[in-house]
Structure formats: structure tokens, C-alpha cells
Amino acid sequence: MGDNLKRAEKLLEKCRSILREEKIPATEYIQRLTINGRVRSRFGKCTKKGSGYEIELSGHLMEADDTAIETVILHELLHTCPRCLNHGKLWKAYAEKLNRKYGYRITATSSYHTMGLEDPGSRETVKYMIKCTKCGTEYPRKRKCSLVENVDRYRCGKCGGKLEIH
Ligand SMILES: [Zn+2]
Ligand SMILES: [Zn+2]
């Protein structure tokens, strides 16, 4: 994790110099940069701490390339600009400016797909596909559960039809 932090700090410095260059009024007060290895639901988080800000990056993000990490850092830094706490008009205008000039893809929401990362949720593949014989609704299950083991006892939630395992 130490190398990751060093790498993230270097990228943070690069992002800050871009913002200075573009005269985008992001904070000069980043108190702390941390990497959280357990977070998988988001890539970055920016919290106000006293007079400054704290940026947290997901450990999973560190598997991505530099550009993807910079995209997340810039996304978070833009939130420290005045009137940019949400993804409002001003926040979007700053993001678009950076995207146009530097080729970033800063968006209000970034998915694993746009970051070039594998979605951790998709690693577990669907093992059992239960299908309604009447309306065709599918009920994918990743592991054995009551529905898988006792499919006769259940009915389709949509039409009440009989279910069957495929
Ligand atoms: Zn945001
Ligand atoms: Zn059905």
C-alpha cells in the first residue's frame, strides 16, 4: 500500500498543478490523502476536515492506469471549488473544460467500465438461472439457495407461473 500512496500523491500533485494552470479555484488545503482497500462501491471521496479537505481513494482504483486515477482525483478536487459541492452547473463547466483540453473523461458518475476496470460484482458469475415457464422472466442466482433447491415450491413473482432451473 505504501507504493500506491506514493503513486497517488504524485498524481495528486500533477492534478493540482493542472488546476492552478487553468485557474480553477480548487482548495490548496488537502490535509490528507488516504487509500482505502475495503471500499468498492466508489472510487473516491472528498470530505471537509477543519479548514481543509481529505481525499480518500479506493484501493481498487489503484489497479487502473494513471489517467483513470487522475480523473478521479480531479473529480474530487473540483468538489473543493466554491459552489461545487454537488455536480452542479459550475462543477460540470470545470469538468468539461478539463475534458476538452486534456482529454480526461470526468463525469458526475464513473462506472468500472469507463475506468477500464473489472467490476468486482461480475467476478462472481451466475451459476443458476431460474426461469418462469409462462412469462420467461429470469431469476439469476450466484449460489445455491432455497429457490435453487426447492424450485417447485416457488412461483414466478410476476405472473405466478411455474419456475424451472436452466
Ligand atoms: Zn462527485
Ligand atoms: Zn412469470
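In this text, all values refer to a predicted model and were calculated from it rather than measured experimentally. (Residues numbered from 1 in each chain as written. Chains lettered and ligands numbered in written order. Predicted model: local features only at pLDDT ≥ 70, side-chain atom pairs only at ≥ 80, totals over all residues. Heavy atoms only, no water.)

Student: Any chance you could explain the overall build of the protein here in plain terms?
Tutor: A count of helical and extended segments in the protein gives four helices and six strands. Put simply, the protein runs from its N terminus to its C terminus through helices and strands in the order α-β-β-β-α-α-β-β-α-β. Residues counted as buried form 40% of the 166 residues belonging to the protein. (Helix = DSSP H or I, 4+ residues; strand = E, 2+ residues; numbered from the N terminus. Buried < 20%, exposed > 50% of the residue type's maximum accessible area, 1.4 Å probe, protein only.)

Student: Looking at this structure, how should I read the coordination of the zinc ion (ligand 2)?
Tutor: Tetrahedral coordination by four donors sets the ideal angle at the metal to 109.5 degrees; octahedral coordination by six donors sets it to 90 or 180 degrees. Donor atoms from the polypeptide that bind the zinc ion (ligand 2) are Cys132 (SG), Cys135 (SG), Cys156 (SG) and Cys159 (SG), placed at 2.2 to 2.4 Å. Its four donor atoms give the zinc ion (ligand 2) angles of 101 to 115 degrees at the centre, a pattern that matches the tetrahedral case. Here the donor residues of the zinc ion (ligand 2) are spaced in sequence according to C-x2-C-x20-C-x2-C. Taking relative accessible area as the criterion, Cys156 reaches 5% and is therefore assigned buried. (Donors = N, O, S within 2.8 Å, 3.2 Å for Na, K, Ca; no water. Tetrahedral: all angles 85-135°; square planar, octahedral: opposite > 155°, others 65-115°.)

Student: Explain the coordination of the zinc ion (ligand 1) here, please?
Tutor: Each protein donor to the zinc ion (ligand 1) is listed here as His75 (NE2), His79 (NE2) and His87 (NE2); together their distances run 2.0 to 2.1 Å. Going along the chain, you hit the donors of the zinc ion (ligand 1) in the pattern H-x3-H-x7-H. Pair noted here: His75 is in helix H2 (residues 66-78) and His87 is in the loop between H2 and helix H3 (89-102), with a separation of 12 residues, a long-range link. Accessibility expressed as a relative area gives 32% for His87, which makes it partly exposed.

Student: Hey, could you run me through the nonpolar core in this one?
Tutor: When a protein is soluble and globular, its nonpolar side chains tend to lie buried together. Of all hydrophobic cores here, the largest spans 33 residues; its most connected members are Leu19, Leu57, Ile73, Leu77, Leu78 and Leu98. At the level of secondary structure, the elements contributing two or more residues to this core comprise helix H1 (2-21), strand E1 (30-36), strand E3 (52-58), H2 and H3. Among the elements that make up this core, the one with the highest residue count is H2 (seven residues). Every residue in contact with Leu57, bar those within four places of it in the chain, is listed here: Ala8, Leu33, Thr34, Ile35, Asn36, Phe43, Gly44, Met62, Ile69, Val72 and Ile73. (Core = buried A, V, L, I, M, F, W, Y, C linked by side-chain atoms within 4.5 Å. Contact = heavy atoms within 4.5 Å.)

Student: Got a minute to help me understand unusual backbone geometry in this structure?
Tutor: Phi is mostly negative for residues that are not glycine, and the peptide bonds are mostly trans. Backbone geometry at Lys23 places phi at a positive 55 degrees, although glycine is not the residue there. Residue position: Lys23 is located in the loop between H1 and E1. Notably, Arg83 is not glycine yet its phi reads approximately 60 degrees, a positive angle. Secondary-structure assignment places Arg83 in the loop between H2 and H3. Among the residues examined, Arg83 registers a relative accessible area of 75% and is labelled exposed.

Student: I'm lost on the packing of H2 against H3 in this one. Help?
Tutor: Packed helix pairs are specified by the crossing angle of their axes together with the interaxial distance, meaning the distance between the axes. Contact geometry of H2 with H3 gives a least axis separation of 10 Å together with a crossing angle of 145 degrees. The crossing of H2 and H3 is right-handed. Note on element contacts: H3 touches H2 through Trp91, Tyr94, Ala95 and Leu98, opposite Leu74, His75 and Leu78. Grouping the amino acids of the contact of H2 with H3 by side-chain chemistry returns six nonpolar, one polar and no charged. (Axes fitted to C-alpha atoms, helices over the stretch in contact; angles between N-to-C directions. Left-handed = near helix turned anticlockwise from the far one by under 90°. Nonpolar A, V, L, I, M, F, W, Y, C, P; charged D, E, K, R; others polar.)

Student: What am I meant to see in the sheet that holds strand E5 (residues 138-141) here?
Tutor: Two orientations exist for strands paired in a sheet by backbone hydrogen bonds: parallel and antiparallel. What the three strands build is an open sheet, ordered E5-E4-E6; its pairing is antiparallel. Looking at the sheet topology across the chains shown, the edges are occupied by E5 and strand E6 (163-165). The mean inter-strand angle of the sheet, taken between neighbouring strand axes irrespective of direction, is 20 degrees. Strand direction decides the pairing type here: strand E4 (residues 128-132) and E6, joined by three bridges, are antiparallel. When the sheet's bridge partners are listed, Cys132 is paired in E6 with Leu163. (Pairing = 2+ DSSP bridges.)

Geometric descriptors of this kind do not, in isolation, establish any biological role.
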